[in-house]
Amino acid sequence: MCETARAWLAGRPDPAALLPPDALVAAALQLPYITVNRGHEPAIATLDDTVERVACLLLGGRRPPVPLRPVEPPGGCVCQRLPALAVRRVLLSGSSRECSQVLLIDGETKSDLDVMFELAGADVCWPGEAEVPPEPGSTRLWVRRTEQEGFVLLEFEQHAECRHRERRLFSAAVARDLLRAHPALFGGREPGRAGPASTTAVRPYLPYPCDLLVCLPLRRWPSEEYGARRRPADWPPPGLVRALCATPALLVPVGCTPQEEHQWRLSFSRHEYAVYRALTDRQRDCFELKSYYLKTALLWLAERRPPGDWEDVYGSMLAVLTLVAEAAGQRRLSCYFNAEMNVLTGRTEAELTELAESAASLAGRLTSCLAALTASCLQRFTVEQLLERLLPPAPAPPLDVSRELAEGCRAPMVEPDHGADILLLCWLDRAENVEPGDPINFRRRGLCLPGLRDRWLVGEMEEE
Ligand SMILES: [Zn+2]
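Because the structure is a prediction, the values reported are computed rather than measured. (Residues numbered from 1 in each chain as written. Predicted model: local features only at pLDDT ≥ 70, side-chain atom pairs only at ≥ 80, totals over all residues. Heavy atoms only, no water.)

A.B. asks: Any chance you could explain the confidence of the model for the protein chain here in plain terms?
C.D. replies: Parts of the prediction with low pLDDT should not have their coordinates interpreted in detail. Per-residue confidence for the protein chain gives a mean pLDDT of 71; residues scoring 70 or more make up 63%. Mean pLDDT per element in the protein chain: helix α18 (residues 454-463) is the minimum at 33, and strand β12 (residues 334-335) is the maximum at 96. Across residues 1-18 the pLDDT falls below 50, and counting only partners more than four positions away or on other chains, this stretch makes 24 contacts in the model. Under a pLDDT of 50 for its full length, residues 99-110 has, in the predicted model, 40 contacts with residues more than four places off or in other chains. (pLDDT = per-residue confidence, 0-100. Helix = DSSP H or I, 4+ residues; strand = E, 2+ residues; numbered from the N terminus. Contact = heavy atoms within 4.5 Å.)

Structure representation (structure tokens):
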């Protein structure tokens, strides 16, 4: 077998010629490294229902609404009471709902399930909003804007009997602790913290570790700019834009300094799922580039680039990365749903410099990185398995993969045509005796790519 491979490699000495970017992108997209879970909304609905049932039971109820008992602050006033506060519904958010969940080849999910607990019993109004009577029993809260667009404070409405002059705040910190006061949600253990969320893994009730976060629905969102925006590519379609503008935004208890403890942030997660579903398959292929910044850039580009341009997935990935690099360099990436909001707010100068450099570096070395990703994935198989599967004109027997892989990933294996290119990479990688199986760490500065040496990746291959 090794002789066959050597002969094959010897006959094709020019690696650069073997790696047209489109073929590489196509190969990477077909790897079981990533599952782009298209069309599995029924599964999400079932999982939503399961998560909601479990969460309600653990909170001591059967079905929503399940009452929550906020801790009364010391020295609290009658205006600060939230007697009707309850969980109105529980639903998945994040990558599982976006259908962009990344599964590693060993079947392990990269991201936990994000679970949102939507609250009822607080009636949140924008300043100047036409006076609508609150729901009976609910507490009126007023939004106060801060200097950082998109971050707000929530103030309790003053009562006649209030003795204080300033309105009291419903702090994000208090809201974050609402769930932590329910030990059953955390299996009786101390809840972990993941940013503003509390983490739990209540096996066997919930199948995956979960990040739990409360959110407050608003009556609407300030959508004037979004509704009136010029859209050269006619995307999203006008009907969807109208529907989005009519969908209320959420507030999540996430602040930025100096008032991090008190601030809430506008969240457009409901809107995001709707626009992601409206992307074409080619556009969604760019989801391989994960992270909120990349997705934000993708949505801005979807509005501007002609539909035909998206057929070139490699070019699209480059465009997305370039936009992020430029935005990070300018310290400003506008939120797609609220252009005045800068999604980079809260990042330090050092983090922004690193983001700009990493995105530019990734754009400059995208073929190398895709190759490394692909090779790193395939490296877990034996050379014989790869040869059997990849070398033309051999037929394509199924690889003997682990049970986890078989159960966790149903994506097809690499097409033989593309696989031949990938094999070359694996082969060279092995020849250099780099430790196999190391995960690729894209986050580290300089895009360290264990499994394939930078020297070979960036130096020799691109020079050739
Ligand atoms: Zn008061």
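A.B. asks: Explain the coordination of the zinc ion here, please?
C.D. replies: Reference geometry at the metal: tetrahedral coordination by four donors gives ideal angles of 109.5 degrees; octahedral coordination by six donors gives 90 or 180 degrees. Every protein donor of the zinc ion is listed here as Cys-77 (SG), Cys-79 (SG), Cys-162 (SG) and His-164 (NE2), and their distances to the metal cover 2.1 to 2.3 Å. Read from N- to C-terminus, the donor residues coordinating the zinc ion fall into the pattern C-x1-C-x82-C-x1-H. Taken together, the positions of Cys-79 in the loop between β1 (66-67) and β2 (86-93) and Cys-162 in the loop between β6 (151-156) and α6 (172-180) put the pair 83 residues apart, joining distant regions of the chain. By relative accessible area, which is 2% here, Cys-79 ends up buried. Judged by relative accessible area, Cys-162 falls into the buried class, the value being 15%. (Donors = N, O, S within 2.8 Å, 3.2 Å for Na, K, Ca; no water. Buried < 20%, exposed > 50% of the residue type's maximum accessible area, 1.4 Å probe, protein only.)

A.B. asks: I would appreciate a short explanation of the pattern of salt bridges in the present structure.
C.D. replies: Pairing between side chains of opposite charge can happen when their charged atoms approach one another. Inspection of the entire model under this criterion finds 16 salt bridges. Residue Glu-118 pairs with Arg-270 through a salt bridge whose shortest N-O separation is 2.9 Å. In this pair, Glu-118 sits in strand β3 (residues 113-120) while Arg-270 sits in helix α9 (residues 269-277), placing the two residues 152 residues apart along the sequence. What emerges from the salt-bridge pattern is a single network uniting Arg-88, Arg-89, Glu-118 and Arg-270. (Salt bridge = Lys/Arg side-chain N within 4 Å of Asp/Glu carboxyl O.)

A.B. asks: Even after reading the chapter, I still don't get the packing of helix α12 (residues 313-329) against helix α13 (residues 349-364), so can you show me in this structure?
C.D. replies: For the pair α12 and α13, the least separation of the axes is 8 Å and the interaxial angle reads 155 degrees. The angle between α12 and α13 falls in the class roughly antiparallel. Here α12 runs over α13; the crossing is left-handed. Every residue of α13 that contacts α12 at Leu-318, Leu-321, Thr-322, Val-324, Ala-325, Ala-328 and Gly-329 is listed here: Leu-352, Leu-355, Ala-356, Ala-359, Ala-360, Leu-362 and Ala-363. Residue composition of the contact of α12 with α13, grouped by class: twelve nonpolar, two polar and no charged. (Axes fitted to C-alpha atoms, helices over the stretch in contact; angles between N-to-C directions. Parallel < 35°, antiparallel > 145°, perpendicular 65-115°, else oblique. Left-handed = near helix turned anticlockwise from the far one by under 90°. Nonpolar A, V, L, I, M, F, W, Y, C, P; charged D, E, K, R; others polar.)

A.B. asks: Looking at this model, I keep getting lost on the environment of Pro-83. Mind explaining?
C.D. replies: With respect to the helices and strands, the residue Pro-83 is situated in the loop between β1 and β2. Distance from Pro-83 to Gly-121, taken between C-alpha atoms, is 7.5 Å for residues 38 residues apart in sequence. Residues in contact with Pro-83, not counting those within four places in the same chain, are Arg-69, Gly-137 and Thr-139.

A.B. asks: Mind showing me how you'd approach α12 here?
C.D. replies: An α-helical segment advances 3.6 residues per turn. Residues three or four places apart therefore align on the same side. Counted at 1.5 Å a residue, the expected span for α12 with its 17 residues is 24 Å, and the 24 Å between its end C-alpha atoms agrees. Taking burial as the measure, the 17 residues of α12 include twelve buried ones, the bulk of the element. Turning to α12, its buried residues number three or more, namely Val-313, Tyr-314, Gly-315, Ser-316, Met-317, Val-320, Leu-321, Leu-323, Val-324, Ala-325, Ala-327 and Ala-328. (Expected span 1.5 Å × (residues − 1).)

A.B. asks: In this structure, what is going on with the packing of aromatic side chains? I would like to understand it.
C.D. replies: Two numbers describe a pair of aromatic rings. These are the distance of the centres and the angle of the planes. This structure, assessed with the given rule, holds ten aromatic pairs. An angle of 80 degrees between the planes, with centres 6.3 Å apart, marks the rings of Trp-221 and Phe-337 as edge-to-face. Placement of the pair is Trp-221 in the loop between β9 (210-217) and α7 (224-228) and Phe-337 in the loop between β12 and β13 (338-342), with a sequence separation of 116 residues. We classify Trp-221 as buried; its relative accessible area is 1%. (Phe/Tyr/Trp six-rings, centres within 6.5 Å; stacked < 30°, edge-to-face > 60°.)

A.B. asks: Would you take a moment to explain the pairing of strand β8 (residues 197-200) for this structure?
C.D. replies: Every other side chain in a regular strand lies on the same face of the sheet, so the side chains alternate between the two faces. Looking at chain direction, strand β7 (residues 192-194) and β8 are connected through three bridges and run antiparallel. Residue pairing across strands places Arg-193 opposite Ser-198, the latter belonging to β8. Relative to β9, β8 runs antiparallel, the two sharing three bridges. For Thr-200, the partnering residue across the bridge sits in β9 and is Cys-210. (Pairing = 2+ DSSP bridges.)

A.B. asks: Would you mind going over the nonpolar core with me for this structure?
C.D. replies: A general tendency of soluble globular proteins is for nonpolar side chains to be buried together. If you look at the biggest cluster of nonpolar residues, it comprises 87 residues, and the most contacted ones within it are Phe-117 and Leu-216. Here this core takes nine residues from α12, the largest share from any one element. Discounting residues that sit within four places of it in the chain, Phe-117 has contacts with Ala-55, Leu-59, Val-87, Arg-89, Val-90, Leu-179, Leu-185, Leu-212, Leu-213, Val-214 and Cys-215. Residues Ala-197, Leu-213, Cys-215 and Val-252 belong to the second largest nonpolar core, which totals eight residues. (Core = buried A, V, L, I, M, F, W, Y, C linked by side-chain atoms within 4.5 Å.)

A.B. asks: Which parts of the structure should I look at to understand the packing of helix α11 (residues 292-304) against α12?
C.D. replies: Any two packed helices are characterised by how steeply their axes cross, that is the angle between the axes, and by the distance between the axes. Axis separation between α11 and α12 bottoms out at 9 Å; the angle between their running directions is 115 degrees. With respect to each other, α11 and α12 are oriented roughly perpendicular. Handedness of the crossing formed by α11 with α12: right-handed. Residues Tyr-293, Leu-294, Ala-297, Leu-298, Leu-301 and Arg-304 of α11 form the contact with α12, whose own contacting residues are Ala-319, Val-320, Leu-321, Leu-323 and Val-324.

A.B. asks: Explain the pairing of β6 here, please?
C.D. replies: Where burial is concerned, most of β6 is hidden: six out of the six residues are buried. Both faces of β6 are covered, namely the face carrying Phe-151, Leu-153 and Glu-155 and the face carrying Val-152, Leu-154 and Phe-156. Summarising the sheet, β6 and strand β11 (residues 264-267) pair through two bridges and their orientation is antiparallel. What sits directly across from Phe-151, in β11, is Arg-265.

A.B. asks: Explain α11 to me, please; I cannot follow it from the model alone.
C.D. replies: End to end, α11 covers 19 Å across 13 residues, agreeing with the expected 18 Å (1.5 Å per residue, within 8%). Of all 13 residues making up α11, eleven are buried, and the element is well covered by its neighbours. Turning to α11, its buried residues number three or more, namely Tyr-293, Leu-294, Lys-295, Thr-296, Ala-297, Leu-298, Leu-299, Trp-300, Leu-301, Ala-302 and Glu-303.

A.B. asks: What is the right way to look at unusual backbone geometry in this model?
C.D. replies: In terms of backbone geometry, most residues other than glycine have negative phi values and most peptide bonds are trans. A cis geometry characterises the amide bond from Pro-64 onward to Pro-65, with omega recorded as 0 degrees. Mapped onto the elements of the fold, Pro-65 is located in the loop between α4 (41-58) and β1. A cis amide bond, omega -5 degrees, links Trp-235 with the succeeding residue Pro-236. Relative to the elements of secondary structure, Pro-236 occurs in the loop between α7 and α8 (238-245). The residue Asp-234 is not glycine, and still its phi comes out positive at about 55 degrees. Mapped onto the elements, Asp-234 comes out in the loop between α7 and α8.

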